Every structure is written in structure tokens, then in C-alpha cells.
Amino acid sequence: MSGPRPAPGFKNPIVNWIDYRLPLFTMMSKEYGQFPMPKNLNYFWNFGAIAMFMLVTMIVTGIVLAMNYTPHAAMAFDSVERITRDVNSGWLLRNLHMNGASFFFIAVYIHIFRGLYYGSYKQPRELLWMLGVLILLLMMATAFMGYVLPWGQMSFWGATVITNFFTAIPLVGDSITTWLWGGFAVDNPTLNRFFALHYLMPFVIAAVVVLHIAALHIHGSNNPLGIDPKGPQDTVPFNPYYTVKDVFGLLVFVAIYAVFVFWMPDALGHPDNYIPADPLVTPPHIVPEWYFLPFYAILRAVTFDIGIPGTDVVFITAKLGGVIAMFGAVALLFVLPWLDTHPVRSARFRPLYRLAFWGLVLACFALGYAGAHPPEGINVIIGQVATVYYFAFFLVILPLLSRIEKAKPLPASIADAVLSKGSCCAALVLALVLAAPAPAQAAESGAPLVHRVWPHQGVTGTFDRAALQRGFQVYKEVCSSCHSLKHLSYRNLTALGFSADEVKAIASNYTVMDGPNDEGEMFERPALPSDRFKSPFANANAARAANNGALPPDLSLIVKARAGHEDYIYSLLIGYEEAPADFTLNPGMSYNTVFPGHQIAMAAPLNPDGVSYADGTKASVDQMAQDVVQFLAWAGDPHLEERKRTGLAVMIFLVIFAGLMYAAKKKMWKDVH
Amino acid sequence: MSGNHGECCGGGQCHGETPAPKTDGQCCGGDEASRRDFIYLAGAGMGAVGAAAVAWPLINSMNPAADTLALATIEVDVSKIEAGQAITVMWRGAPVFIRRRTADEIAKAKEVDAQVETLRDKQLDADRVKKDDLLIVKGVCTHLGCVPQGQKPTDMRGEWGGWFCPCHGSAYDTSGRIMAGPAPTNLEVPPYSFISDTIVRIG
């Protein structure tokens, strides 16, 4: 740009000085101050801003998490545990980040379906749409690699399965996969590069978002009517009308996000990911995160080779076919503007398209359901039918409707249209609510769990300190002869109500190895509060050798790492019975009602009066089981009380803030509608 | 009131102007404008409070974590250090010098005491040791954090026989006091106590 430039007209001289040289303020005022927005946008138009907010949240929390994370196969899992236990507010940052991924996808998926429903991808917004699909692809890659970083069982096996997609490529597939891994399996080099890329990709996404917004601001936002604004009477300036509306919508969204962060941080994850990665054992139900379930179902829907029927000639194996279908499902979105060439944008005026659209929503939920459940029986059929519909929607229905569908008459202008709202919004919201993520872990074989109301559960539940101390006694006198508790240090026991001196005394009962000393020798010394709980065995092999080949799991995360959580551990501890007459029990095994397969290597650990409680409580098996479960729940989630307390404060703040914004929005908009 | 507002600001006649709060005052009734100003201020205020509340955990997460703080105490056996010898131990990720001073070194420190008023960081030797023969200081130059030389007899110890920092030439005496060079203060004495005659707890 050359030639003289008129001085900008800002009141503040410093702003003027800067703006004359670098017109940032002029740009912001043009693009976010006066930018004309159709005045009939509904709340579905909030999700672009919400997605942007989530991207920033992910980047900010991710940066501080990365400062405490160790991308090494031997240390990654422990470093994540250290973040949640020892780093200041680390539990909060991690909960924000891991649930943030889900909420980022929720926002983006709603954003995409909104675009589909109202035809926002149509001329002249094709590039805008394609940039959006590119963002979705980048997000998928980023989320996948991020899920690998905690290096739990799901991380590891998710990484293994996803990278194995590439082995489906003929001829070069194996070489590509080896290259991706940097080895012969998913291992430390894989983790390292995934960490590097996981840190890089969000910034690439941010760059594409800039292009996405730049493209948006060329022709402006689409709107529920899908007709172009005809003049100023059809628009309102972005600020304050949509700033206030966006902020209100964002606060409602954040409030829902906060419910997950503060009260159910692991609801969207898998218990198996609290088991450290083990390259020798695949978990029985391996499922991706919920946001990948529909694509996962499409992958699994192709169960047959494609070739010449009746011969052995195969053109596309089932494996390759599944991978092609899955990538194709995303790739189709890129060419959507050329599949649907109907001149009318909004589904409001296209009854047939609207029907087909809701069919697609249904198909996506059906795919999600099929992806979440084991590929057996009806689940496979559901997945296949929904997959066929998904592809038919884009490849058959849209081109067909483009030719034959007669649209209802369009209103002359936005200002003329009677704004009928709510129906579709309500339907979509309802659909989302109904689709609350299906439990991915099918109930393990076994008797139903005994459900108890634990004092630390619920919105404001807190730990019962007396029960925790008794539970610690049970752990110390019974469990600790075989089970380690390696993520805890003796100093953590102050949270149970022990004084610093009591903790010191407890620690000093143990001897730990230290050194080397000046002579180069390792030596034993009494444990200090800063030492980790002493493990009963030097290493996993020693533990196996002493336990009939079975490895007693570390108990630090046992409550989080088992489906059924507290109830499962409790039911297991009280679930020892005589084996039924027709049951063949292997030597050295015990019969347990809830353990998968009913054969457990651990003999019934609790016996009546197995411990004598300091507080005089009668040590029945049930009492000890309850106590130790509460102790282990605390061990897995030591910041539970602080988490809920913080959550309450956050919710009160959000409700007041959202209420204020809603009042402001009502007032501001009452004369526009 | 609301009708007036509607015609003026919401209905389109004003469109093209920025209906930012300030222009509202010119455009609409003062009552309405002040109410809107209040909403803006309250909204911005809530946003600022929220941002600050979120910023703190992010910043605080970079402070030492609980396990780091828990390791802030070490115990050292000093019984095997002979007069004239020094050992270096690690405390909070940095060296701590423990020197068993000879009678000569103690005497030198007392000599410096005589001219304490001329020192940059005026401190008596007696205020820096708990037992005359055992000097415990952080081995971190107070200038810019290098580790001074002088732990080994072969090291350059500077003119005053204590330590000498090779980075920028700060010289310390046998009490770890800054005598020459750019360092602003004496070598820091860490908090420590004698658990027994031979064991010192630092931190």
C-alpha cells in the first residue's frame, strides 16, 4: 500500500500514532467493531467464537503442562502423575487440558453441523469451509498425538492401532509405519516425536484459523435464512451486539465444561489409561476417545474384501477398505460445496434436504454408538448401515436433491422474515443431550457390583479422615506386603490428618536404599517424609516371582484405573466365595464373584479382625474393605476436595457473570428483534 | 424510553456509526446510556476478575512443586572432614561448601573482623558460623551465580585465601565475605542446625 494515508480519527493520540504506522486499531474496529453481521443469527453462530476460545485454552494450559511433562517412555506416565499430585494447581491444568480436548471437539462438531444445516459452505464460502475441514483434520491429528503423551495403556494401544492404519497402504505401508514409529513398534522415539508435533500443531491450527477468519470476513457470516443481507436494515454491528451474545453463549458453554473439569474429570476418558503402557498386553476393549468413535465405526464397518465374487481375486482388502472409508469420510467434506449445488442455502427452505440432514445426524450418533461397543452382532450391522447412509448422503442424496428439490419461497430480506426460532436448535440440543457418551467399557463379565454411596462422592462430598486413617492401616498391615503405592510419599499422609511428627515416625519405620556414599556404596537409611512409599518388591519381575507369576498392581491409581471404580474394588474385596461345584479353579487361584473370569491370583486378603484398629472400630471384612477403598480413592485423587471447592467458586462466578451478560444481551437486542 | 432508544440505536438509522458505549450517550437517553455503561463496566470487570483468577494457577504452576519443596532438607555427616579440607554437597540443586577451617584460616577471618567497617557487606565471622572450625556457605557467587573456586587446595583462592570466582573476579575471605570484585554481598549462609556433633541438617 503506498501513497499518503489520512490520519486515523482516534481520540487517544498514542493510539493514533501507532495506527498511522500500523493500523491495528483500524483493523480491529473494522473487523470486530463495526463489522456488519446479519441480525438474525441464532445461538449456533456462537460456536466459532467458542471453538476459538477452546483453542486458546488448549494452547495456554498445554504450554504450562509441557513445562512439567517428560516425553520419555520410562518417565512420561509418572511425570503426568506428578503434575496432578505435586505441581501447584497441576490437577486443574491437566483436567482443563484433557477435558478441553473433548469440549473443543464438541464446539467444532456443532459448528460443522450448523454449517451443514444452513448451507454455510456454499458459494461464495467454499474456501472458508475447506479451511475449516483442514482445521478439523489438524485437530484430529493433534488430539490423537496428545492422547498418546500420558503413556497409559490406551495411549500406547491407540497409537499402535492408528499408526497401523498406514500398514494398509500397498507396497510401502510397512516402511511408512516404521518411519512413523522410528523403530519396530510404538516406543520412546514415537513418544518423542508425537510430543514435538503435539506442541507444534496447535500453532499451525491457529494459523489456519487466521485464514479461516480472514475468508469469513470477506463475505461475512451466513445466517439462518441463508439469504444475503440486502442492506444496513438487515445487519447490526458486531460490537456490541455479537460480542455480548458471544460472551453469554461462551459462559454457558464454559459452565458445562467446568462441571466436567471439577466434578467428573475422568468421565470422558478411559480407566485403562491410568494403567501405565505395557507393550506386552492389549486391553480387552480398545476404543478411541469419543470424538473419534464415528470414524472408528466406519473403519470397522468394512469387514469384507472387495474383489471378484466367487474367486480369490481381491482388489481391496478389508483392512485397506476400512482405512480408505475412514479417511474418505473426512475427505468428502472437502468437496461438499460441489456435491451440494442447490442454489438455496438454508435447510429451512429445503424440506427434503432437512430430512436428509437429520438422517446424517442420526447416522453419526449411530456410528458413535457402534464405535463405542465391541464389534459383535447388531453393533456391526448398525455401523454398516450408518456408514452406507453417511456416504450416500454426500455422494447420492446431495447431488440428487441439488437437481430435483424444489425449495420453499425465500423471504425477500432478513428484515422481512419473521424470525421463527427454536425448533431446530431444540432438536439438536436434545440430540446432543441424548447422545451422552455411551459407556465404552462394556461391563466386565461377572456379578453386578455392590454399589455404595461413598462419603467423598457427590457435589460436595469430602473424605472421611477417620476412614482414611483406618484404610491406611489396612494398606500398611495387609496390602503393602504385595502391593506398592509408588506415586505417594510419606509426606502426603498429612492429608489424612496425621501431624508432621506422626508422619516422620511412620516414615522412619521403613528403610530405603540411598547412595552412593563417599565410598561409592549404596546404603540403607530410615525413610524421610519426602521419600516415596517403599515398594514391597525391587521390581516387577521380583514381584511376579514371589506371587506365582501374577503381578500385584500398584495401588496408587487402582480406583481410577478400574471400570466401576470404588464399587469395583470394594465388591472385589468382599467378593471371595467358594467356587461353584461346576467351576474349574486352577491351582493357586481363588474364586471371586466380580473379577473378570472369576479366577484371581490374590487370595482373599481380608480376614475378620485382620487388623486391630487404633480407634476401636470393629475390623470386619466389610469395614476394612470400605476403609481401604476410601484410602485408595484418596491415593488416586488426593486433590478431590480442593477440586470440588474450587469448582463451586468457579460455578458461582460463571452463573453471576452469565446472568449479567444475559441481561445485557436482552436489553441490547430487544429493539433489534 | 425504550422506544426512543429503539428508533435511535437499534433500528438501523444509526447504523454505520459505532454504537459503542461512548457514542450511545450522544445518541440516546442518558438514563439508558448510563445503564448500558454499567453493564459494560460490570461485564469487563467480571471478565478481568475471571482472567486474573485463571492466570494465577497458570503462573503458580511454575513455582516449585510439592515434591521439590519436600526435598529442601539434607543431612550431612561432617565428621570425616579434616582441618583444611572442604566438601561440596548439593542442596536445592546448587552447591553448598562445608569447610573445616584451620587455626590459621580462623585467625585470618578474625583479622578481617578488625576492619569490618570497611567491608562491602559488614558481617562478623562470629555471625557466619555456629562452630568456629566449620564454615558452611552456599557455593554460589552473589554476583551472577557462578561457583567460586577454592574447594580444592590446588584451586585459586584469591588474595584472602577463601574463594575466588573465575567468572568475574570476586574474591572471598576465609569466612566467605566479599573482599574484592563485583559481588554485592557475602556468600550466603544457608539455614542449618547440628542434629548431633557430626550431623548437620541443611535447610
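Residues numbered from 1 in each chain as written. Chains lettered and ligands numbered in written order. Predicted model: local features only at pLDDT ≥ 70, side-chain atom pairs only at ≥ 80, totals over all residues. Heavy atoms only, no water.

### Here we look at the overall build of chain A
On a plain count of helices and strands, chain A comes out with 22 helices and eight strands. Computed over the C-alpha atoms, the radius of gyration of chain A is 29 Å, within 12% of the 26 Å expected from 2.2 N^0.38 for a compact globule of 673 residues. Across its three principal directions, the C-alpha atoms of chain A cover 85 × 80 × 50 Å. Per-residue burial for chain A yields a buried fraction of 50% across its 673 residues. In chain A, the share of contacts with a sequence separation of at least 24, taken over all contacts with a separation of at least 6, comes to 75%. (Helix = DSSP H or I, 4+ residues; strand = E, 2+ residues; numbered from the N terminus. Rg over C-alpha atoms; globule rule 2.2 N^0.38 Å. Buried < 20%, exposed > 50% of the residue type's maximum accessible area, 1.4 Å probe, protein only. Contact = heavy atoms within 4.5 Å.)

### Considerations on the interface of chain A and chain B
If you look at the interface, chain A gives 33 residues, while chain B gives 32 residues. Summed over both partners, the interface of chain A with chain B buries about 2900 Å², with 64% contributed by carbon and sulfur atoms. Counting the surface chain A buries against chain B, the share from its top three residues, Asn88, Lys667 and Asp671 of chain A, is 18%. Scanning the region where chain A abuts chain B turns up one salt bridge. A salt bridge links Asp67 of chain B to Arg82 of chain A; its shortest N-O distance comes to 2.6 Å. (Buried area = accessible area lost by both parts, 1.4 Å probe. Salt bridge = Lys/Arg side-chain N within 4 Å of Asp/Glu carboxyl O.)

### A short note on unusual backbone geometry
Most of the time, phi is negative for any residue but glycine, and the peptide bond is trans. Residues and elements named next belong to chain A. In this chain, Gln123 is followed by Pro124 through a cis amide linkage whose omega measures 5°. Within the secondary structure layout, Pro124 lies in the loop between helix H5 (90–117) and helix H6 (126–148). The linkage connecting Gly515 with the following residue, Pro516, adopts the cis geometry, with an omega of 0°. Mapped onto the fold, Pro516 is located in the loop between strand S5 (511–514) and strand S6 (523–526).

### As for the nonpolar core
Residue and element names in this part refer to chain A. One finds Phe105, Leu116, Tyr353, Tyr390 and Phe394 to be the most contacted residues of the largest nonpolar core, which totals 138 residues. Counting residues per element, this core draws most heavily on H5, at 16 residues. Residues in contact with Phe105, not counting those within four places in the same chain, are Leu136, Met139, Met140, Ala143, Trp290, Tyr291 and Phe292. (Core = buried A, V, L, I, M, F, W, Y, C linked by side-chain atoms within 4.5 Å.)

### Concerning the environment of Tyr192 of chain B
Residue and element names in this part refer to chain B. Its place among the elements puts Tyr192 in strand S8 (residues 192–194). Put simply, Tyr192 and Thr73 are 119 residues apart on the chain and 9.2 Å apart in space, counted from C-alpha to C-alpha. Setting aside its immediate chain neighbours within four residues, Tyr192 contacts Arg128, Val129, Lys130, Leu134, Ile136, Val200, Arg201 and Ile202.

### Description of the pattern of salt bridges
Tallied over the entire structure, the rule returns 25 salt bridges over all chains. One salt bridge in this structure joins Glu75 of chain B and Arg201 of chain B, with 3.5 Å as the shortest N-O distance. Pair noted here: Glu75 of chain B is in strand S1 (residues 74–77) and Arg201 of chain B is in strand S9 (residues 199–202), with a separation of 126 residues, a long-range link. Ionic pairing is found between Arg157 of chain B and Glu105 of chain B, a salt bridge with its closest N-O pair at 3.7 Å. Within this pair, whereas Arg157 of chain B is found in the loop between strand S4 (134–138) and strand S5 (161–164), its partner Glu105 of chain B is found in helix H5 (residues 103–114), the two being separated by 52 residues in sequence. Here the salt bridges share partners, and the residues they tie into one network are Lys122, Asp340, Arg350 and Glu405 of chain A.

### Examining helix H15 (residues 378–404) of chain A
Residue and element names in this part refer to chain A. At Ala392, H15 shows its largest bend, some 50°. Every buried residue of H15 is accounted for by Asn379, Gly383, Ala386, Thr387, Tyr390, Phe391, Phe393, Phe394, Ile397, Leu398, Leu401 and Ser402. On the buried face of H15, the contacting elements are helix H11 (293–301), helix H12 (318–334), helix H13 (336–339) and helix H14 (351–372). (Bend = angle between axes of the 7 residues up to and from the residue.)

### Let's talk about the confidence of the model for chain B
Residue and element names in this part refer to chain B. Looking at chain B, pLDDT values average 84 and 84% of them are 70 or higher. For chain B, helix H1 (residues 2–10) is the element with the lowest average pLDDT, namely 38, and S4 is the one with the highest, namely 96. Note on residues 1–29: pLDDT is under 50 here. Beyond four places in sequence and across chains, it has 43 contacts. The ipTM value of the predicted complex is 0.85, and its pTM value is 0.90. (pLDDT = per-residue confidence, 0-100.)

### Overview of the sheet that holds S5 of chain B
All names here are of chain B. A sheet is described by the order of its strands in space; here three strands give the open sequence S5-S6-S7, paired in antiparallel fashion. Lying at the two open borders of the sheet, with one neighbouring strand each, are S5 and strand S7 (178–180). Here the strands of the sheet are splayed against their neighbours by 40° on average, with no regard to which way each runs. Inspection of the sheet shows S5 paired to strand S6 (residues 171–173) by three bridges, in the antiparallel sense. Within S6, the position partnered with Gly161 by the bridge is Asp173. (Pairing = 2+ DSSP bridges. Axes fitted to C-alpha atoms, helices over the stretch in contact; angles between N-to-C directions.)

### Thoughts on the packing of aromatic side chains
Counting across every chain of the model gives 51 aromatic pairs over all chains. Seen in terms of ring centroids, Trp454 of chain A and Tyr570 of chain A are 5.5 Å apart; in terms of plane orientation they differ by 80°. Their pairing is edge-to-face. Linking Trp454 of chain A in the loop between helix H16 (423–434) and helix H17 (465–477) with Tyr570 of chain A in helix H20 (residues 565–573), this pair joins segments that are 116 residues apart in sequence. Members of the aromatic cluster, joined through ring pairs, are Phe472, Tyr475, Tyr490, Phe498, Tyr510, Phe533, Phe631 and Trp634 of chain A. Above the plane of the ring of Trp454 of chain A lies Arg452 of chain A, whose end atom (NZ or CZ) is 5.8 Å from the centre. Its guanidinium or amino end placed over the ring of Trp163 of chain B, Arg99 of chain B lies 4.2 Å from that ring's centre, counting from NZ or CZ. (Phe/Tyr/Trp six-rings, centres within 6.5 Å; stacked < 30°, edge-to-face > 60°. Lys NZ or Arg CZ within 6 Å of the ring centre and 35° of its normal.)

### Focus: the sheet that holds S1 of chain B
Residues and elements named next belong to chain B. In spatial order, the strands read S1-S9-S8; together these three strands make up an open sheet with antiparallel pairing. Edge positions in the sheet fall to S1 and S8, since each of these pairs with one other strand and no more. On average, each strand axis in the sheet is inclined to that of its neighbour by 25°, with strand direction left out of account.

### Digging into the packing of H5 of chain A against helix H10 (residues 238–263) of chain A
Residues and elements named next belong to chain A. Interaxial distance between H5 and H10 falls to 9 Å at its minimum, and their mutual angle equals 135°. On the basis of their axis angle, the class for H5 and H10 is oblique. Like other packed secondary-structure pairs, H5 and H10 cross with a definite hand, here right-handed. Together, Trp91, Leu92, Asn95, Leu96, Asn99, Gly100, Phe103, Ile106 and Ala107 of H5 and Phe253, Ile256, Tyr257, Phe260, Val261 and Phe262 of H10 make up the contact between the two elements. Classifying every residue of the contact of H5 with H10 by side-chain character gives twelve nonpolar, three polar and no charged. (Parallel < 35°, antiparallel > 145°, perpendicular 65-115°, else oblique. Left-handed = near helix turned anticlockwise from the far one by under 90°. Nonpolar A, V, L, I, M, F, W, Y, C, P; charged D, E, K, R; others polar.)

### A look at the pairing of strand S2 (residues 86–91) of chain B
Residues and elements named next belong to chain B. Direction of pairing for S2 relative to strand S3 (residues 94–100): antiparallel, over a ladder of six bridges. Counterpart to Ala86 in the pairing with S3 is Arg99. Count of turn residues in the S2/S3 antiparallel hairpin: two residues, of which Arg92 carries a positive phi of about 50°.

### As for a nonpolar patch on the surface
Residue and element names in this part refer to chain A. A cluster of nonpolar side chains, contributed by Ile14, Trp17, Ile18, Leu22, Leu24 and Phe25, occupies part of the molecular surface with about 590 Å² of accessible area. No other element matches helix H1 (residues 13–21), which puts three residues into the nonpolar patch. Within the element layout of this structure, Leu24 appears in helix H2 (residues 24–33). Its relative accessible area of 44% is what places Leu24 among the partly exposed residues. (Patch = residues over 30% accessible without salt bridge, like charges linked within 9 Å, V, L, I, M, F, W, Y side chains within 5 Å. Areas by Shrake-Rupley, 256 points an atom, 1.4 Å probe, with all protein chains shown as cover.)

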